[in-house]
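The lines below spell out each chain.
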Amino acid sequence: MANPAHPGTGKERPSLTLRRHYRVSPDKVWRAWTDPQALKRWFGPDEIIAVPLAEVDLRVGGRFRVTMHAADGETHDVSGTYLELVPHRKLVFSWAWRSTPERQSRVTVRIEPDAEGCELVLMHEQFFDAAARDAHRHGWTGALVKLEGWLSQDQSQGNGGA
């Protein structure tokens, strides 16, 4: 695992935290993050037009991989290893783009139930630099909007599943 200090500077590496409330059960949000078919439907910001590959080996030490096609013709390929799993409540995984595997970071997704659904807290830590953090803020913000749309559509079609 990467050192939390930026190499050679002694400074903390950038991170970001995003929160979203979803009016669905924590189980549905968990499914969105752990079911490869669900990931293909919502993962990535608006400029992602297709997710042809989503692989999930949901166990500590298991790996995931997601390949996304962007509207500009670029392909984005990200993968990582599951570091911690608390079913329906928490996922922690490493995160590295195929194009920059040396820039590994860490993502924590917490799903906190409440009376009206659940709050999702996404924390992405240990970015290489502020520019990487800012690009990921854009990506995650767009993805979480798409997740909300998928959860709403999934809910209305009765495909919530656990």
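Reading guide: rules and limits
Residues numbered from 1 in each chain as written. Predicted model: local features only at pLDDT ≥ 70, side-chain atom pairs only at ≥ 80, totals over all residues. Heavy atoms only, no water. Helix = DSSP H or I, 4+ residues; strand = E, 2+ residues; numbered from the N terminus. Buried < 20%, exposed > 50% of the residue type's maximum accessible area, 1.4 Å probe, protein only. Core = buried A, V, L, I, M, F, W, Y, C linked by side-chain atoms within 4.5 Å. Contact = heavy atoms within 4.5 Å. 1 Å grid on protein atoms, 1.4 Å probe; cavity = no way out; pocket = protein on both sides within 12 Å on 5 of 7 lines; lining within 4 Å. Points joined across faces, edges and corners; volume = space filled by probe spheres on them.

**A few points about unusual backbone geometry**
And then number 1: Residues other than glycine seldom take positive phi values, yet His88 does so here, at roughly 70 degrees.
And then number 2: Looking at the element boundaries, His88 is found in the loop between strand S4 (75–86) and strand S5 (90–97).
And then number 3: Exposure remark for His88: the relative accessible area of 25% places this residue in the partly exposed category.
And then number 4: Despite not being glycine, Gln126 shows a phi value in the positive range, around 65 degrees.

**Examining the nonpolar core**
And then number 1: Counting residues in hydrophobic clusters, the biggest one holds 38 residues, and the most contacted among them are Trp33, Phe43 and Leu147.
And then number 2: Here Phe43 is in contact with Trp33, Ile48, Val51, Val66, Met68, Trp95, Trp140 and Lys146, once residues within four sequence places are set aside.

**Brief notes about the layout of surface pockets**
And then number 1: Taken as a whole, the largest pocket holds about 570 Å³ of empty space.
And then number 2: Along the wall of the largest pocket there are 29 residues; nearest its centre are His76, Trp95, Trp97, Ala135 and His136.
And then number 3: For the lining of the largest pocket, the element with the most residues is helix H3 (residues 130–156), which contributes eight residues.

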